[in-house]
Amino acid sequence: LKEEILRSCFEALAEERSPQTVSLEVAIREVGLPRQSADERTQSQAIRVLTAAAKRCPQLFGAEARRSCVHALCGLCLSADSSDDSDLLNDAALDGISTLAEALGVAAPLLQQEQDSTVLALCWAFANAAGVGSVEVQQAGAIRCLAAAMVGTFRAAGKHVSHGGNASSIRLPHQITSAHDMLMPFTVAMSNASAVVRCAALDGLIALVEQESSLNEIQIWAPVEDAIRKCLVSVAQDADATVQNTVVRMVRSIVFEVKTERVQILLGCIVPAMVSLAQKAVPAGFASAVSSETDWTATEDRLKVVASIAELAGPSFFPHAVETATSLLHPLLFTPAVPLAVKLVALQALGPVLASAGAPTLNGPGSALLPFWKDGMRTAAEALQSGEARAHSLGFYATLATIFRGGQDSVALLQDEAMAMVPLDLVASAALTTLSVRGATGEVGSDCEKTWCAGAATAILQGGARSWVRTQAHEDARNALLALRTCALSNGQSFLKVMPQILPVLAPRFTVAASPPIRLASLALLEVMGKMVGTAADSGNGSAEESVILQNLSVGIIRAVAGTMTAEPRSAPVCHQGRHVLSSLRASCGKWMALVEHVVKGLEADKHHHHDDHDSEDDDDLRVHGHRVNGFRIAKKGG
């Protein structure tokens, strides 16, 4: 009965009907009940009523109502059971705090909020009170509540700044004089004797990291960055596995959520912490015989994070490359007792670590890595011939493209040296085998062996939107495409002999029917192939038969580039990169300029506008969101 009443309250608020104040009072009373005497589903419904009221009728929240709401929601968090990691009510309460802080923060100019009656100030006072003589569960709950209030407050301030306001709109509690002081509870909690409290502090920082764009707009990122540094330094010696795993989750959030230049600034503390955590995950005595029951899952997971950091950081990772290779990757690769699965992850991580130093040389700063280059290249070449290890070896080669692209400060490799590093026949054969695997495009459901199947087309025409998932086959296919690009860059004109085999496999399956990250990888390969064909065609040294082959390759490459851009649903990053590739080919392929011009004009005539495309290569979730009709994004408002 109470759930039905609350649903009525929610509907009344949604339609902004009276009695709004009574609806709010009913919800606050229900949320404030002890867990033992209340129903979880009913309390969750009451939290929905509170957040709906804050969004639609913020004027209902006077000082007393705000205080009652915050105390009720914080009370639910503090009464959570530490043994239950999947406490849905606890998550709903934290989400309610952040939504309440955001909604009332956005409406702040319309409300009379005293400095000590904001959601942030109330949570701050509540956290201080709970931290004195409380048990660890209550201390952890108080820290999470404070983090939720900060998230909502910072979101609201970010919206205020984006609409022409200034960062000073944040109203800090009167005891707080700066943003650094506001983040002090998290750094202090990292020295707490309880692992539960330390994990709560890390969870709070993860929540703040995920708001990086808002923090940047309101100039709060620097204090958060400082708190992250202190936490990473303190956890280097932490022996608790749960705390270590939480740190790994925080670093992963930093890698995927934070801008690259900010990640590079943090490398000095992130890399040593992750290398140390990866070493701690290695079972004791791994150099000798290890039991088959030994769990290496944590080691693999942490190695993957190290690989992501090195790939994202690029040359900025170089100061840490020798230590990472010496103390972590090389021992795992060449110790017989280490399982093959772990060796393969270490091999894939070794690629971006070595590439950060540029091409291998006998002299210079990168010379210390030369032994690792030799061992890594030999191991990768052997792995290409194994079905179990092929995909990881392609991942190793995929990250080496930067050393063959050249640049002002890079060392130029001789053609023979470059070809020896990336064996053409082995890499091309392994990549084509990987690309032929069913499900390589990431398409959900049936995936045709050669092209986008008619069944998928019919489903979309009937109203279903296309979607993709990052399956292992999808990731392996992306690495295979990038490995082919490395192979083309390193082998030069020798790569022409395998192009007639590669292009039919590439288009249309990986240009029209694949996810945006796959299409971006295809464009990177097509650009290198197009320039190579253009150079060979402009030289005019081939026979009449070779000229025909080159012409057919040029036409196929340009049409494949156009296919990536016109595939539905359209992707803004793919279209942007496709236009860049066409412009690059137009400049480099003199004989085929007319065809490129024709394709560009056709695309201009059929240009689509993208209002909410965010499916970039780094997106973790590849499902395409937004309003669609028959699989097409609605671009015009009300259209």
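About the cut-offs
Within any chain, residue numbers begin from 1 and follow the written order of that chain's sequence. Note on the predicted model: pLDDT of at least 70 is required for a residue's local features to be given, and 80 or more for side-chain atom pairs to be given and counted; whole-chain, interface and lining totals, by contrast, use all residues. Note: side-chain values were computed over all heavy atoms of the structure, leaving out hydrogens and water. Secondary structure elements follow DSSP: runs of H or I of four or more residues count as helices, runs of E of two or more count as strands, with numbering from the N terminus. Buried residues are those whose accessible area, probed at 1.4 Å on protein chains only, stays under 20% of the maximum for their type, while exposed residues exceed 50% and partly exposed ones sit between those limits. Two residues qualify as a contact provided that any one of their heavy atoms is within 4.5 Å of a heavy atom in the partner residue. Calculation of accessible area relied on Shrake-Rupley with a 1.4 Å probe; when residues are assessed, cover is drawn exclusively from the protein chains displayed. Given a helix with a known number of residues, its expected span is that number minus one, times 1.5 Å. A fitted line through C-alpha atoms serves as each axis, taken over the contacting stretch for helices, and the angle formed by two N-to-C directions is quoted from 0 to 180°. Relative orientations are named as follows: roughly parallel for angles under 35 degrees, roughly antiparallel for angles over 145 degrees, roughly perpendicular for angles from 65 to 115 degrees, and oblique for any other angle. Residue type decides the class: Asp, Glu, Lys and Arg count as charged, Ala, Val, Leu, Ile, Met, Phe, Trp, Tyr, Cys and Pro as nonpolar, and the leftover types, Gly among them, as polar. Rotating anticlockwise by less than a right angle from the far helix to the near helix defines a left-handed crossing, while the corresponding clockwise rotation defines a right-handed one. Every case where a carboxyl oxygen of Asp or Glu lies within 4 Å of a side-chain nitrogen of Lys or Arg is listed as a salt bridge. pLDDT gives the predictor's per-residue confidence on a scale running from 0 to 100. Side-chain rings of Phe, Tyr and Trp (the six-membered ring for Trp) are treated as a pair once their centres are within 6.5 Å; stacked means planes under 30 degrees apart, edge-to-face means over 60, and tilted covers the remaining angles. Criterion for a disulfide: a pair of cysteine sulfur atoms at a distance within 2.5 Å.

Below, the discussion takes up the overall build of the protein chain. Tallying secondary structure elements over the protein chain gives 29 helices and two strands in all. When each of the 639 residues of the protein chain is scored for burial, the buried share is 52%. Across the protein chain, contacts joining residues at least 24 apart in sequence account for 75% of those joining residues at least 6 apart. Here the protein chain displays about 28400 Å² of accessible surface, and carbon together with sulfur accounts for 53% of that area.

This part covers helix H24 (residues 472–491). Over its 20 residues, H24 runs 28 Å from end to end, which matches the ideal 28 Å to within 8%, given 1.5 Å per residue. The element H24 is extensively covered by neighbouring structure, given that 17 of its 20 residues are classed as buried. Taken from the residues just after H24, glycine 492 is the one with a positive phi, measuring 60 degrees.

At a minimum axis separation of 7 Å, helix H17 (residues 340–355) and helix H19 (residues 390–398) run at an interaxial angle of 10 degrees. Between H17 and H19, the angle falls in the class roughly parallel. Contact residues: H17 offers Leu344, Val345, Leu347, Gln348, Leu350, Gly351 and Leu354, while H19 offers His392, Ser393, Gly395 and Phe396. Its residues placed into classes, the contact of H17 with H19 shows six nonpolar, five polar and no charged.

Running from amino to carboxyl end, helix H4 (residues 63–78) crosses helix H7 (residues 136–162) at an angle of 135 degrees, the nearest separation of the two axes being 8 Å. Considering their axes alone, H4 and H7 lie oblique with respect to each other. In this structure, H4 meets H7 at a crossing whose hand is right-handed. Residue-level inspection shows Cys74, Cys77 and Leu78 of H4 in contact with H7, the latter providing Val137, Gln138, Gly141, Ala142 and Cys145. Looking at side-chain class alone, the contact of H4 with H7 contains six nonpolar, two polar and no charged residues.

With that settled, consider unusual backbone geometry. Omega for the bond connecting alanine 507 with proline 508 falls within 30 degrees of zero, at 5 degrees, which places this linkage in the cis form. Structurally, proline 508 is set in the loop between helix H25 (499–506) and helix H26 (516–539).

Note on placement: glutamine 43 falls in helix H3 (residues 40–56). Beyond its immediate stretch of four places on either side in the chain, glutamine 43 contacts Glu30, Val31, Leu33, Arg35, Ala38, Leu76 and Leu89.

The next subject is helix H15 (residues 297–313). Along its 17 residues, H15 runs 25 Å from first to last C-alpha, staying within 8% of the 24 Å computed at 1.5 Å per residue. For H15, the set of buried residues is Thr299, Arg302, Leu303, Val305, Val306, Ala307, Ile309, Ala310 and Ala313. Buried positions along H15 lie against helix H13 (241–257), helix H14 (260–281), helix H16 (321–334) and H17. Downstream of H15 by one or two residues, glycine 314 has phi in the positive range, about 65 degrees.

Here we come to the pattern of salt bridges. It is possible for side chains of opposite charge to pair when their charged atoms get near one another. Tallied over the entire structure, the rule returns 13 salt bridges. Across the pair arginine 198 and aspartate 238 runs a salt bridge whose closest N-O atoms are separated by 2.7 Å. In this pair, arginine 198 is assigned in helix H10 (residues 195–209) and aspartate 238 in the loop between helix H12 (221–235) and H13, connecting sequence segments 40 residues apart. For lysine 230, the salt bridge identified is with aspartate 226, shortest N-O distance 3.4 Å. Residue lysine 230 and its partner aspartate 226 are both found in helix H12; the two are separated by four residues, about one turn of the helix.

Turning next to the confidence of the model for the protein chain. Counting all residues, the mean pLDDT for the protein chain is 79, and 77% of those residues have values of 70 or more. Within the model, pLDDT remains below 50 along residues 446–455, and this stretch shows 20 contacts once partners closer than five positions in the same chain are excluded. Considering only residues more than four positions removed or in separate chains, one finds that residues 608–639, a stretch of pLDDT under 50, has 62 contacts.

Once that is clear, we can look at the packing of aromatic side chains. The final tally for this structure, using the stated rule, is one aromatic pair. Pairing phenylalanine 396 with tyrosine 397 gives two aromatic rings, centres 5.5 Å apart and planes at 80 degrees, and the pair type is edge-to-face. One exposure class covers both phenylalanine 396 and tyrosine 397, and it is buried.

For glycine 387, the location among the structural elements is in the loop between helix H18 (370–383) and H19. Residues glycine 387 and threonine 434 lie 47 residues apart in sequence; the distance between their C-alpha atoms is 9.4 Å.

All right, on to the state of the cysteines then. As enumerated under the stated definition, the model contains zero disulfides in all. Distance from the sulfur of cysteine 77, which forms no disulfide, to the nearest cysteine sulfur (cysteine 145) is 3.5 Å.

A word on the environment of alanine 298. Here alanine 298 lies in helix H15. Residue classification places alanine 298 among the partly exposed positions, given a relative accessible area of 29%. Each C-alpha atom, one on alanine 298 and one on alanine 241, is 9.6 Å from the other, the two residues being 57 residues apart in sequence.

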